[in-house]
Each structure stands twice: as structure tokens, then as C-alpha cells.
2 protein chains.
Amino acid sequence: MKDLLKLENQICFPLYAFSRELTNLYRPFLEEMDLTYPQYLVMLILWVEKQQTVNQLGEKLYLDSGTLTPLLKRMELKGMLMRKRSQTDERMVIISLTDAGEKMKEKASCIPGKLVETLGLSIDELIQLKKIVNKAMKR
Amino acid sequence: MKDLLKLENQICFPLYAFSRELTNLYRPFLEEMDLTYPQYLVMLILWVEKQQTVNQLGEKLYLDSGTLTPLLKRMELKGMLMRKRSQTDERMVIISLTDAGEKMKEKASCIPGKLVETLGLSIDELIQLKKIVNKAMKR
DNA sequence: CAAATATATATTGCACACAATACAATTGTG
DNA sequence: CACAATTGTATTGTGTGCAATATATATTTG
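Residues numbered from 1 in each chain as written. Chains lettered and ligands numbered in written order. Predicted model: local features only at pLDDT ≥ 70, side-chain atom pairs only at ≥ 80, totals over all residues. Heavy atoms only, no water.

Student: Before we go on, may I ask you to explain the interface of chain A and chain B in this structure?
Tutor: As a measure of interface size, the accessible area lost when the parts come together is often cited. In this assembly, 55 residues from chain A lie in contact with 55 residues from chain B. The junction of chain A with chain B conceals about 5200 Å² of combined surface from both sides, 73% of it contributed by carbon and sulfur atoms. Interface area lost by chain A to chain B is led by Leu5, Tyr16 and Arg139 of chain A, which between them contribute 14%. One salt bridge in this structure joins Glu125 of chain B and Lys135 of chain A, with 3.0 Å as the shortest N-O distance. At the boundary of chain A and chain B, one finds twelve residue pairs in polar contact (both at pLDDT 80 or more). (Contact = heavy atoms within 4.5 Å. Buried area = accessible area lost by both parts, 1.4 Å probe. Salt bridge = Lys/Arg side-chain N within 4 Å of Asp/Glu carboxyl O. Polar contact = N/O pair within 3.5 Å; in protein donor to acceptor, adjacent residues only side chain to side chain.)

Quick look at the structure:
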């Protein structure tokens, strides 16, 4: 029986290391747009949705307000998006893109392709990977 | 042609979210031992290797000294390990477990099993997952 | 052997993550 | 309608990650 308490026998560690490696792979492309990877994920949502509350962003990204609030404030400072309290329910903050934020979409369009290229995995492997991870996330 | 700039079409985002979810799944088990997930990874190495320099730990975990130094100091404060400069080369810091640190191994032995159970993936899927991730990491 | 170079760790600064808590606005209930 | 419970965001504190820089020690080279 092999020792499960060995780094090389771990399944979660490769995923953890790979996840960090992924944000490192995105970094050079995102730096050109002054975005971090989590900020890029926010932009992905806003390029489609136009209006999102902090809570809606958090549900989609699995992040809470303790992470999102300062992140969104930094993006607001950079002029990419606006934060405005809802008129109808003042507990909510509505996030929406500025024109500058909208314009970034075009520049970002090449990023997914570049990343897949860098990863060097086949389409089949990517589909497999996504399928398995999605199953585990659905617990 | 589907829009690659949509969150639901991303392959990296599920991996990123899943990686965070994994450390959340470990948290309840590790809290009993006063460990975080990265600290647990350090312990996995030291339970096998006995002596490791900061650099050796960093190579195995893909982490740099800016991350490891404070992390190891916190673990030293908790009495799990010792940090001592090498006599032969004073640039190096040798990390080794205390008796208390050694003893934690027994309590940790059940963790890998519990995690796999929680994940709810088949052995085949786990092997697939590890194989694909390892391939991508080897670029 | 002295000076340049390389190596190993530490420090600093910034950006996440997340638990715990706080707080204001809203909703549900008697 | 008062008021307790809920909801949505913000704040605080701790712990990573990582780039850039600093510092001390070794090693290489002329």
C-alpha cells in the first residue's frame, strides 16, 4: 500500500499548483490591459451582463464581498467600471462598465486562444478536464 | 462560433475556482491540526524528507521565498518545525520537524481518504485528472 | 588573492481569499 | 405599525502568492 501522505501521491496538489501556474500564464497578456486574473474574470461577466450587483458577481465567481469590494474599488480607480448604489434598494451596489471598460473587450478577444495554445493540451483533454472538474464542483 | 470571452466557456476558470474550493474542503480537517493547506503541503514533504532547505521546499511546491519565509516562520512559532542556518553554507536555512511536528503525521493519515471521499469522483476520473494536469504542468 | 558574479534567503509592497464582524436597509410577523 | 430577522455590502485581520529588491555568503576569474 503506497503512502497517501506523500506529495507525489497527491491529486489535489497538482491542481493547486496548476491553478497558480494558470494565473502566471495569463499574467503577461493581462498586464498589457492592466488587469489581474480575478479582475479579468469580472470583466468577462460585465462584457456580457452590463449590470451586476456585487452579490451577483460573487455568486458567479464563488467570491465574497471581502474579496470583491476592494478588487472592484481598484478597478473603479483604474476607470474600468463604476460602482453605484441602487435607487430601489440602497443595500445593493450596481457594477457597470465605463466606456473604457467596454473598449477593453476587443483587446481581450485574443487571450483565450493564446492561453489554449500555451497550455499545449488537445481539445479532447480540455473537454475531459472541464467535465471532471465540473462534476466535482457540483457536489 | 461561440464567444470565447464568456465565463461559462472558460476552461481555466473552473480550475481556478475548483482549486480554491479544494482548500476550503481541506480547511475543516486541517483546522483541527492548526494547519493551512500550504502549510500542510510543507508537512507532507517534511514527514518524508526530514531535512529541507527553503529552496528545496520551494522547488517542490513551486513557491518562492517571499511566500515560504513568513509561512515557515508561522509554523516555527507554532512549534511544528525548526529553522536553522546551515553550518557549512550560511546562506542556507535548514527546515526540520520538531517532535510535535513528527507526531502530527499520525493524525493526518486519515485526511487523503476523507478528501477523496468528499470529492465524489471515481478512481478513473482522479487518474485522468492528474494525468492531464501533469501534462500541462510539464510544458 | 581581490573583484565580479552567483546563490540563498529575507524584506517590502501589492493583490487576492476568506472568516468574522459590523452596519445599514429591507422584509416578515404579530 | 413596531421590531425582530434577513439581506447586501463594507471592514478587519490573518494568510498566502509573487515581483522586485536587499543582504549576506560562496564561488569564479583574472
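Student: What should I look at first to understand the protein's contact with DNA strand C in this one?
Tutor: The environment of DNA strand C is made up of 30 residues, and the closest members are Thr36 and Gln39 of chain A together with Tyr16, Asn55 and Arg83 of chain B. Here, DNA strand C places atoms within 4 Å of the protein, and 79% of those atoms are sugar or phosphate. Interatomic distance of 2.6 Å between a side-chain N/O atom of Gln39 of chain A and a phosphate oxygen of DNA strand C. Within the side chain of Ser65 of chain B, a nitrogen or oxygen atom sits 2.9 Å from a base nitrogen of DNA strand C. For the surface near DNA strand C, the secondary-structure elements that each account for two or more residues are helix H2 (37–49) and helix H4 (65–77) of chain A together with helix H1 (12–31), helix H3 (54–61), helix H4 (65–77) and strand E2 (81–85) of chain B. Within the surface near DNA strand C, the residues separate by chemical class into eight nonpolar, eleven polar and eleven charged. (Near = heavy atom within 4 Å. Helix = DSSP H or I, 4+ residues; strand = E, 2+ residues; numbered from the N terminus. Nonpolar A, V, L, I, M, F, W, Y, C, P; charged D, E, K, R; others polar.)

Student: I'm lost on the packing of aromatic side chains in this one. Help?
Tutor: Tallying each qualifying case throughout the model produces twelve aromatic pairs over all chains. Aromatic side chains Tyr26 of chain A and Tyr40 of chain A sit 5.6 Å apart centroid to centroid with 45° between the ring planes, which places their arrangement in the tilted category. Of this pair, Tyr26 of chain A sits in helix H1 (residues 12–31) while Tyr40 of chain A sits in helix H2; the two residues are 14 residues apart in sequence, bridging distant segments of the chain. The residues Tyr26 of chain A and Tyr40 of chain A share a single accessibility class, namely buried. The ring of Tyr16 of chain B carries the charged tip of Arg20 of chain B above its face, separated from the ring centre by 4.6 Å. (Phe/Tyr/Trp six-rings, centres within 6.5 Å; stacked < 30°, edge-to-face > 60°. Buried < 20%, exposed > 50% of the residue type's maximum accessible area, 1.4 Å probe, protein only. Lys NZ or Arg CZ within 6 Å of the ring centre and 35° of its normal.)

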